[in-house]
Each structure stands twice: as structure tokens, then as C-alpha cells.
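Take a look at the letters that make up each chain.
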Amino acid sequence: MKIYSILSFILLIILNGCSTTQKIPKGLYYDPPGSTITTNKTITPEHKRTITINSSGVSASNEFEGARLNDFFQVNDTLYEAEIEPENAPINNSAWYSFKLWSNKTQTVWINLKYKDGSHRYYPKLSSDRINWKPIDSTNYFVEKANGAFLKLSLDKDTLWVSGQELITSANYEKWIDKILQNSFAKKKVIGYSSLGKPIEELEISEASDPADYIVLTGRLHPPEVTGAIALFSFVETITGNSETANEFRKKFKVYVIPLLNPDGVDNGNWRHNIHGVDLNRDWYYFNQPETKAVKNEMLRLKNLSGKMKFFIDFHSTQKDVFYISKKDSLNNSIPEDVRLAHERAYDITKKWFAEIGNAFPEYHINIDESLNNPNSPTSDEWIYNNFYCPALTYEMGDEDNRGEIKKLASIAATELMKLLIEK
Ligand SMILES: [Zn+2]
């Protein structure tokens, strides 16, 4: 008996040791092995240049913010190859491309988008002014699984932008932030700097006197996730709008918005990572990167204020709309009762919010995913959930969603959230 007791004691120590190591977060099930390590990695820099094919007069360039084109050459009379590579691998397949083309004479060409370490994902969008974008006509476009995508384009001396999504880069964010700052109740501050020294900016929107509870909105941890950015803009514009609900909400609550958390990744046309080759939405545990450190420090500063965080939303994009929330029973027994109850309240509020969105927008099907999250995953929503015990979710819009619908949904979601928090 004594030996058994000693053995079971040893076993207990070993098991406890194991459960401790299990707390170190792993990535999510779809992350390629190795992609979730968040210490600095080597990246392949994109060589900025304009390539002109002298024999045909066709030029291609990646010399602009947000571009991604690694090489460009002529294959035959009418076919050209555009080589697209990620910043480093392994990497989640968010194969971003963006480049501009022109020709010294009017001609029709075929462009083959060929990928290294990934495959074609984004439906091509075209623009002649970098502001207005249109999806390519489907008759001028096809995809071959092994060879990437083929685009038929009419070129002339005017610049044609070809891009996986609309370009929304640092310059666009600056303009948008300036527009929000025209409201007397909005101000901005810099919460830190990216690896390349770009400011990470935060908007504070409020007419409430201290102490006031607050919500936090973040975006663009992942560079190509433009539909998430469109949603965040509409969400914030609804809160800064002139509706009765918005006016009342701003008198009671503060709103902190960090719209662009990965400026280096966005401006360098990265597929997913920051300039150190790291997925910033897998670094909310170690906080190895300057961008995540900046947001963590700011969140801890907010935590020291007398108001409480009431809601956190991190805006992203993926193949189709999905809202990731923490499931109610995802917590283990070691969590204190008050925390568990706070989590249950957070869950109920989140579900109530979705129900209200459903009532206000019955044509929209809300897709909620409670299966992914676990208390130890190194993502923004989990870290907030487990440090602030408030509703914290990842708001993902589909890559190819109708842009008008994205704006409408975000506006309704913002209004319903404001109503819910005012009521409480
Ligand atoms: Zn994302």
C-alpha cells in the first residue's frame, strides 16, 4: 500500500507538471505547424522595383504601399507570369498580391498569378485610380489548382492596379482617422511603434465624464483582411454618428479603437505576419512583438482606470462570415467561482447581442463558432476574456462579401451593442 501511495504521489506530481505545460498556448487547429512561434523569424524582403519587358512594352511595378509582387516575366506573346511569395513560411494561406501594370501601347495580355508556399485565394479586383475597385469580370478570369490564377487584362499607358482586395493601407487609415477626429469628442494618441517605427494609433471617442465604462475595438492584425477593416470603419462611424442611440451611448461610455495593429505587414503587402515574420494573433501570451506589447500595455493601462471594459471586438476576415466566441463550458474547474460567473455573464450578453442583431437584420444569417476557442489560445479575444472577464470576440467577414452588406451589418451590430450596454 505504501509503495502505491508513493507511486500515486509521484504520478500526481508528473500529471501536475503536464497540466502546467499544457497552459502554454498552442495555435488553432488550422495553423500550419511552426507558424505560431512568435519569436523573430527571417523574412524574404520583397524587392521594390518596376520591371519593363522591352520587347512588348509591358511594365509591372510593386513600388507602392501594400504591394506584393516578387517577380514578373514574359512567358510567350500574350502570357506573363507574376510570382507571388509570402514574407516567410510556414504560413496560413492568405496569398495576398497587389501590383500595377501599364503598357506603352494598347494590348490585351494574360497574367498568370503563381504562388510559392500558398495557393490562389482572393478574387482579383481592378482599379484605374487606386480608390475605386471592381472585381474582374468572370469571363476574363479562371483558376487552375496547380498553376494559380489567369487574368485577361486590357493594358494601355494608364496605370491598372490588380489586387487581391481593395488597398486599405496606412495612408487610408490616416485619412479615415482624420475624418473621425473632426468630431469634437474624438481624440487620438500613439500607443507604441511597430518594428519599422510606424505609430500604432488609438482613437478615444467619448463625451462621458470619468469614471466611465468602455469598449475596445481592434483591427488589422492580419494584413490582407480588408473586409474586417471595412466592418470596423462602419462600426466606428455608427458610434460617432448622430443617432439618438449614439449620442446617448457616447455620454455614458468611452470607446477605444486601435484600427491598424500591423502597419508594417499591411504596408509591405505581407500575407499574414508582421515584419518579423510573426502572426500577431498568436502572440497574445508571450507578447514577443512590439505591436502586441504596445496593445497589451495600453490594455493594462485601461484596466487601472476606474471604469470597466464592457465589450471587446477584434475585426478580421476569412473565407466566410463567422463570429468566434468563447463557449460557456470551456473553462476548467481551477478557475475561481467569481471568474466563472463573470464569464457566464459575458457569454449571455454576447448571445443576447447576436439575438438583437438577428431581430434588426433578419435576412442576415449569423454564424457563431463556439468550438474553436479555449482559455489558453494565444489570440486577442482569449487574452481579453481571461484578463477582463468581459465579452470578447473575433468578428470575421468573408473575403468576397458584398461590401454594402458588410457596412450594413457592422452598423446594425454597433447600434444593437450600444442599445444593449445603455439598457444594462
Ligand atoms: Zn485574421
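These numbers were taken from a predicted model, which means no experiment stands behind them.

### Notes on the layout of surface pockets
Stage number 1. Estimated volume of the largest pocket: approximately 710 Å³.
Stage number 2. What lines the largest pocket is a set of 24 residues, and nearest its centre among them are Ile 131, Trp 133, Glu 166, Ile 168 and Ile 230.
Stage number 3. Taken together, the elements giving at least two residues each to the lining of the largest pocket come down to helix H2 (170-181), helix H3 (226-239) and helix H9 (403-423).
Stage number 4. Considering every element that reaches the lining of the largest pocket, the biggest residue donor is H2, with 5 residues.
Stage number 5. For the lining of the largest pocket, the per-class residue count stands at 10 nonpolar, 4 polar and 10 charged.
Stage number 6. The residues that make up the lining of the largest pocket include at least three from each of domain 1 (50-163) and domain 2 (170-423).
Stage number 7. In this structure, the second largest pocket encloses a volume near 440 Å³.

### Digging into the environment of Met 397
Stage number 1. The residue Met 397 is located in strand S19 (residues 392-398) in this model.
Stage number 2. Along the backbone, Met 397 and Ser 317 are 80 residues apart, and their C-alpha atoms lie at a distance of 4.6 Å.
Stage number 3. Residues in contact with Met 397, not counting those within four places in the same chain, are Thr 227, Gly 228, Ala 231, His 316, Ser 317, Thr 318, Asp 321, Phe 323, Tyr 364, Ile 406 and Leu 409.

### So, the environment of Asn 281
Stage number 1. By secondary structure assignment, the location of Asn 281 is in the loop between helix H5 (263-267) and helix H6 (290-303).
Stage number 2. Ignoring anything within four residues of it in the chain, the contact list for Asn 281 reads Leu 221, His 222, Asp 314, His 316, Pro 378, Thr 379 and Ser 380.
Stage number 3. Within the local environment of Asn 281, its side chain forms a polar contact with the backbone nitrogen of Ser 380, the two atoms lying 2.9 Å apart.

### Examining the coordination of the zinc ion
Octahedral six-donor coordination of a metal ideally yields angles of 90 or 180 degrees, compared with 109.5 degrees for tetrahedral four-donor coordination.
Stage number 1. Taken together, His 222 (ND1), Glu 225 (OE), Glu 225 (OE) and His 316 (ND1) make up the protein donors of the zinc ion, found 2.0 to 2.5 Å from the metal.
Stage number 2. Viewed at the metal, the 4 donor atoms of the zinc ion are separated by angles of 55 to 145°, and the geometry they form is irregular.
Stage number 3. Sequence spacing of the donor residues for the zinc ion, all on one chain, is H-x2-E-x90-H. Residue Glu 225 is located in the loop between strand S14 (213-219) and H3, and its partner His 316 is located in strand S16 (residues 309-318); the two are separated by 91 residues in the primary sequence.
Stage number 4. With a relative accessible area of 2%, His 316 lands in the buried category.

### Topic: the packing of H3 against H9
Stage number 1. Running from N to C, H3 and H9 cross one another at 45°; their axes reach a closest spacing of 8 Å. By the angle class used here, H3 and H9 are oblique. Every pair of crossing elements has a handedness; the one defined by H3 and H9 is right-handed. Taken together, the residues of H9 that come into contact with H3 (itself represented by Thr 227, Ile 230, Ala 231, Ser 234, Phe 235, Thr 238 and Ile 239) are Arg 403, Ile 406, Lys 407, Ala 410, Ser 411, Ala 413, Ala 414, Thr 415, Leu 417 and Met 418.
Stage number 2. The residue inventory of the contact of H3 with H9, partitioned by class, reads 10 nonpolar, 5 polar and 2 charged.

### What to know about the domain arrangement of the chain
Stage number 1. On domain assignment, one finds that the chain holds domain 1 (50-163) and domain 2 (170-423).
Stage number 2. Residue-level contacts link 25 residues of domain 1 with 19 residues of domain 2.
Stage number 3. With both chains or domains summed, domain 1 and domain 2 bury close to 1,700 Å², and 47% of this area falls on carbon and sulfur atoms.
Stage number 4. Of all residues in domain 1, Glu 65, Glu 87 and Arg 121 bury the most surface against domain 2, accounting for 32% of the area lost on that side.
Stage number 5. Applying the counting rule to domain 1 against domain 2 returns 2 salt bridges.
Stage number 6. We note a salt bridge from Asp 399 to Arg 121, for which the minimum N-O separation is 2.9 Å.
Stage number 7. Counting across the domain 1 and domain 2 interface gives 17 residue pairs in polar contact (both at pLDDT 80 or more).
Stage number 8. Along the lines of polarity and charge, the residues of the side of domain 1 that touches domain 2 split into 10 nonpolar, 6 polar and 9 charged.

Criteria and cut-off values
Residues numbered from 1 in each chain as written. Predicted model: local features only at pLDDT ≥ 70, side-chain atom pairs only at ≥ 80, totals over all residues. Heavy atoms only, no water. 1 Å grid on protein atoms, 1.4 Å probe; cavity = no way out; pocket = protein on both sides within 12 Å on 5 of 7 lines; lining within 4 Å. Points joined across faces, edges and corners; volume = space filled by probe spheres on them. Helix = DSSP H or I, 4+ residues; strand = E, 2+ residues; numbered from the N terminus. Nonpolar A, V, L, I, M, F, W, Y, C, P; charged D, E, K, R; others polar. Domains from an automatic or database assignment. Contact = heavy atoms within 4.5 Å. Polar contact = N/O pair within 3.5 Å; in protein donor to acceptor, adjacent residues only side chain to side chain. Donors = N, O, S within 2.8 Å, 3.2 Å for Na, K, Ca; no water. Tetrahedral: all angles 85-135°; square planar, octahedral: opposite > 155°, others 65-115°. Buried < 20%, exposed > 50% of the residue type's maximum accessible area, 1.4 Å probe, protein only. Axes fitted to C-alpha atoms, helices over the stretch in contact; angles between N-to-C directions. Parallel < 35°, antiparallel > 145°, perpendicular 65-115°, else oblique. Left-handed = near helix turned anticlockwise from the far one by under 90°. Buried area = accessible area lost by both parts, 1.4 Å probe. Salt bridge = Lys/Arg side-chain N within 4 Å of Asp/Glu carboxyl O.

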